[in-house]
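# Breakdown of the fold
Below, each chain spelled out in residue letters.
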Amino acid sequence: MENLEDLKILAEQWSHQGIEYLQKIPPTQLYAAIGVLLFTTILLFLSVRLVRRTKSNTVLLSGLSGSGKTVLFYQLRDGSSHQGTVTSMEPNEGTFVLHSENTKKGKIKPVHLVDVPGHSRLRPKLEEFLPQAAAIVFVVDALEFLPNCRAASEYLYDILTNANVVKKKIPVLLCCNKTDKLTAHTKEFIRKQMEKEIEKLRASRSAVSTADIANDFTIGIEGEVFSFSHCSNKVTVAEASGLTGETVQIEDFIREYIKP
Amino acid sequence: MLEQLLIFTRGGLILWTCKEIGNALKGSPIDTLIRSCLLEERSGAVSFNYDAPGAAYTLKWTFHNDLGLVFVAVYQRILHLLYVDDLLSMVKQSFSEIYDPKRMSYDDFDETFRQLRIEAEARAEELRKTKQVGKPVSSVKKQGQVSKAGLEGGNKRVSEGGSKKDDGDGNKAKVSTLTNGHSNGNHQMEDDSQETDLANGKENTSCNVAVDLSKLQKLRSKGVRGRGGVRKTDSIGNKSSKVAAAEPAKKATKKNRVWDDAAPKQSKLDFTDSVDDNGNNDHVDIVAADQGESMMDKEEVFSSDSESEDDDEPGSDEKPAEAKKKGWFSSVFQSITGKANLEKTDLGPALKALKERLMTKNVAEEIAEKLCESVEASLEGKKLSSFTRISSTVQAAMEDALVRILTPRRSIDILRDVHAAKEQRKPYVVVFVGVNGVGKSTNLAKVAYWLQQHKVSVMMAACDTFRSGAVEQLRTHARRLQIPIFEKGYEKDPAVVAKEAIQEATRNGSDVVLVDTAGRMQDNEPLMRALSKLINLNQPDLVLFVGEALVGNDAVDQLSKFNQKLSDLSTSGNPRLIDGILLTKFDTIDDKVGAALSMVYISGSPVMFVGCGQSYTDLKKLNVKAIVKTLLK
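These numbers come from a predicted model, not from an experiment.

### Some points on the confidence of the model for chain B
Residues and elements named next belong to chain B. Per-residue pLDDT for chain B averages 72, and the proportion of residues at 70 or more is 67%. Per-residue pLDDT, averaged within each element of chain B, yields its smallest value for helix 9 (residues 314–318) (39) and its largest for strand 7 (residues 428–433) (92). Scored below 50 in pLDDT, residues 137–212 makes 155 contacts in the model with residues more than four places away or belonging to other chains. Considering only residues more than four positions removed or in separate chains, one finds that residues 275–284, a stretch of pLDDT under 50, has five contacts.

Next up, the structure:
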């Protein structure tokens with residue numbers, strides 16, 4: 001009780017002193033100081049809000065050449081792949097509301113979708129877009145999977161060990177395209193094969209471990225067989241078909257990470 | 001008749017195809033065109049040939065760089081349609097008027113196209129008729145570009161559009177149409193001598209390129225194969241490869257050189273050491289397993305120079321003073337407003353300066369030329385963005401193109417391939433080929449050292465049975481590195497030695513077999529045949545061409561001839577070509593790194609290793625960005 005009284009008296013003394021001090025300062029300076037203070041707080045407040053708002057809405061469509069990225073891009077955008085596609089030489093970019101959501105009411109946040117060419121000579125283009133990606137869809141051809149398995153797994157490995165992807169924990173969707181065809185493999189099969197191949201890659205690439213120039217990070221847990229659950233970012237598998245417009249799973253994935 | 005005409009965006013979406021001609025194309029010519037021509041920076045070429053089972057097409061294309069559109073026409077190769085170029089440019093013009101990035105279907109264009117086509121065909125007919133009246137045309141269109149004899153790569157072809165449709169001219173017309181990097185040389189000579197042939201043959205809708213005598217000389221000396229005396233039109237009917245084969249088979253065996261008048265020795269010189277285990281080898285130092293890390297594994301540390309943008313105007317120095325002032329002012333003006341559409345004339349000086357710069361960096365002349373054409377094709381018609389000079393746009397485009405060429409088309413992860421072969425319990429076979437004195441044996445030892453550091457068991461095969469001391473050289477390396485070596489001495493058939501080496505490796509479980517071959521000139525027919533036999537017999541996993549960085553224009557010739565010989569003399573349907581390049585003596589050149597670019601461009605195979613010194617650790621990977629920076633400095 002006594003302590004509280006003492007504190008109260010001390011506080012009163014200090015406040016008196018403060019008010020006396022303040023009254024000594026000429027008023028213009030005071031107003032100026034208050035003005036500046038207010039201004040900076042408002043600025044800080046706004047910038048914090050802005051930074052939070054510009055959470056990226058970029059989704060990358062990547063994968064080997066011929067896996068169907070451009071078809072998927074146009075399906076997601078327009079609902080049809082028009083008259084067909086050829087090997088892309090440049091990325092396709094667009095910011096739009098997904099086609100299936102056109103009918104929904106209300107303001108939906110548009111998605112910035114980028115289709116990066118899969119040709120190996122254009123690989124550096126992917127590096128340009130990775131820093132701004134919020135999610136990555138890795139498209140795999142489920143029909144011609146086995147001949148391209150090695151190349152696809154190397155590409156996926158490069159993406160998963162990229163510095164940007166690891167640090168920001170960008171989620172990856174392994175999308176098996178062309179599932180409308182009869183002889184297409186199932187997503188479980190593809191997932192297991194990719195895990196096996198990446199395991200092999202892990203072993204051979206980490207043999208160069210003292211100076212792994214090619215990859216910035218290694219993935220997986222030491223001593224255990226690689227599985228996608230070991231990655232720090234989330235990796236899921238889905239099926240889709242570009243030609244028939246079966247893109248529900250991809251859209252769900254996109255919407256999961258880019259809130260409408 | 002046109003097979004198909006497509007319009008698509010650079011991003012890959014097809015905007016319009018001609019629905020009248022409903023033929024489905026066999027195979028996938030468009031995709032192949034994009035992959036092997038447009039993305040390989042060969043867009044300056046005139047046409048592209050595509051062969052599929054059941055069809056042989058020729059493709060022609062044009063770009064609209066501003067809107068990012070590509071127009072491609074496909075037709076059968078045996079027809080030589082005159083009007084295709086014309087039609088393409090007309091289509092380009094009229095389509096760009098109706099193009100809208102939001103629109104995806106352009107059905108109304110069908111009508112326009114039909115009219116354009118009728119127009120173009122009519123015009124071509126007229127031109128042909130007027131020519132038949134007997135105007136001797138003295139040269140062939142675009143001879144200047146084509147007469148670069150070194151460039152063959154099966155797909156390079158100059159379409160001349162000779163009048164195929166004329167029935168009367170059976171084989172005469174064939175004269176004009178058969179083209180090949182080599183045959184053009186003679187072709188030109190024949191044109192001069194036999195003007196009567198040309199009365200109806202040569203197309204030439206536009207300018208007549210004057211015959212450049214100096215180019216003729218160059219062509220002749222550049223190894224136009226064995227066609228010297230042949231001037232008949234019928235002989236051209238043969239493909240040049242047949243001519244090569246028809247060359248005297250008398251060169252089959254190589255006779256020993258007799259230098260003096262002394263009688264040749266009767267006995268063959270064979271200094272093969274009887275293989276003794278450890279006899280007199282004690283004095284040879286056995287290299288400790290660690291000479292340090294091979295530079296392959298070290299990170300490349302290169303200083304990032306500040307971008308020097310002020311000193312990139314060498315072109316302006318060439319212009320005379322008055323024109324310089326005006327040129328500078330207008331270019332500055334244009335750069336600020338940024339409205340100008342780039343024309344060929346604008347790009348000309350900048351590209352020329354760039355080409356000179358590349359050539360001072362030891363890039364082969366033809367390669368620099370082709371690259372400049374390709375960049376020109378990709379920039380023509382593009383709108384200049386504001387506040388950029390023409391030269392900086394050109395520089396940026398060239399840099400882009402160079403990075404694209406030097407980026408490998410397929411994975412160059414050898415360790416991964418070795419592991420894959422190990423799983424199949426086969427040894428991974430690498431054959432080192434190249435001309436004399438480039439450093440095959442030295443670099444073979446370096447690669448062996450590097451592989452050993454990564455716990456891969458290596459075996460060497462001494463298939464250089466010709467040069468004195470080659471086997472001993474490899475033996476010394478093997479002893480220092482403590483790896484097994486398979487040798488059979490001298491004067492043995494290298495193909496057989498290699499085969500036995502591989503069998504031995506399978507037996508004793510080596511992961512990799514490195515096969516050393518003798519150096520040989522690309523023009524030497526019997527030696528190239530022997531090499532082809534070695535490769536066919538053993539089907540190696542990797543054929544590594546060893547080339548030195550000091551080489552200049554000869555790099556183009558070496559690589560193209562090697563590839564050609566390997567493909568011509570191959571017995572199976574799928575010829576093995578050069579899979580990778582090993583660039584040696586990189587430490588001797590300071591910044592004249594152009595040889596790397598020439599080799600990669602002409603062969604399409606990536607540089608897998610770079611040798612930068614003469615000790616075991618001097619082997620590293622190619623740093624694409626550093627090379628591009630050095631080339632454009």
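There is more to say after this.
### Focus on helix 12 (residues 365–379) of chain B
All names here are of chain B. In a regular helix each residue adds 1.5 Å, so 15 residues correspond to 21 Å; helix 12 covers 21 Å between its end C-alpha atoms and thus fits that length. Of all the 15 residues making up helix 12, twelve are buried; the element is thus mostly covered by neighbouring parts of the structure. Along helix 12, the positions that sit buried rather than exposed are Glu366, Ile367, Ala368, Lys370, Leu371, Cys372, Glu373, Ser374, Val375, Glu376, Ala377 and Leu379.

### Notes on a negative patch on the surface
Residues Glu127 and Glu128 of chain A together with Glu399 and Asp400 of chain B make up a contiguous surface patch of negative charge. Elements that contribute at least two residues to the negative patch include exactly helix 4 (124–129) of chain A together with helix 13 (390–406) of chain B. Position of Glu399 of chain B relative to the elements: it lies in helix 13.

### A word on helix 17 (residues 494–508) of chain B
Structural remark: α-helix, 3.6 residues per turn; residues separated by three or four positions point the same way. All names here are of chain B. Helix length check: helix 17, at 15 residues, gives a terminal C-alpha distance of 21 Å against a target of 21 Å (1.5 Å per residue), a fit within 8%. Taken together, the buried positions of helix 17 are occupied by Ala495, Val497, Ala498, Ala501, Ile502 and Ala505. In an axial view of helix 17, the angular spread of the buried residues amounts to 160 degrees, which keeps them on one side of the axis. Residues of helix 17 that are buried sit in contact with strand 7, strand 8 (458–462), strand 9 (485–487), strand 10 (512–516) and helix 18 (525–538). Count one or two residues on from helix 17 and you reach Gly509, which has phi positive near 75 degrees.

### Things to note about the pattern of salt bridges
Once their charged atoms are close, side chains differing in charge can pair, the charge on each being opposite to the other. Residues and elements named next belong to chain A. Under the defined criterion, the tally for this structure stands at 31 salt bridges over all chains. Here Lys181 ties to Asp180 by a salt bridge, and the two come within 3.9 Å at their closest N and O atoms. The class of Asp180 is partly exposed, set by a relative accessible area of 35%. Glu188 serves as the salt-bridge partner of Arg191, at 3.2 Å between the closest nitrogen and oxygen. Here Glu188 and Arg191 lie together in helix 7 (residues 187–205), a separation of three residues that amounts to about one turn.

### Side note on the packing of aromatic side chains
Residue and element names in this part refer to chain B. Enumeration according to the criterion identifies ten aromatic pairs over all chains in this entry. Considering the side-chain rings of Tyr449 and Tyr616, the 5.7 Å spacing of their centres and the 25 degrees angle between planes classify their relative orientation as stacked. Residue Tyr449 is located in helix 15 (residues 440–453), and its partner Tyr616 is located in the loop between strand 13 (607–611) and strand 14 (619–620); the two are separated by 167 residues in the primary sequence. Classification of Tyr616 by relative accessible area gives buried; the value is 6%. Ring centres 5.6 Å apart and planes at 75 degrees place the aromatic pair Trp450 and Phe609 in the edge-to-face group. A residue pair is termed long-range when its members are at least 10 positions apart, and Trp450 in helix 15 and Phe609 in strand 13 qualify at 159 residues. Here Trp450 falls in the buried class, since its relative accessible area comes to 4%.

Parameters at a glance
Residues numbered from 1 in each chain as written. Chains lettered and ligands numbered in written order. Predicted model: local features only at pLDDT ≥ 70, side-chain atom pairs only at ≥ 80, totals over all residues. Heavy atoms only, no water. pLDDT = per-residue confidence, 0-100. Helix = DSSP H or I, 4+ residues; strand = E, 2+ residues; numbered from the N terminus. Contact = heavy atoms within 4.5 Å. Expected span 1.5 Å × (residues − 1). Buried < 20%, exposed > 50% of the residue type's maximum accessible area, 1.4 Å probe, protein only. Patch = residues over 30% accessible without salt bridge, like charges linked within 9 Å, V, L, I, M, F, W, Y side chains within 5 Å. Areas by Shrake-Rupley, 256 points an atom, 1.4 Å probe, with all protein chains shown as cover. Salt bridge = Lys/Arg side-chain N within 4 Å of Asp/Glu carboxyl O. Lys, Arg positive; Asp, Glu negative; His and termini not counted. Charge placed at Lys NZ, Arg CZ, Asp CG, Glu CD. Arc of directions from axis to C-beta. Phe/Tyr/Trp six-rings, centres within 6.5 Å; stacked < 30°, edge-to-face > 60°.

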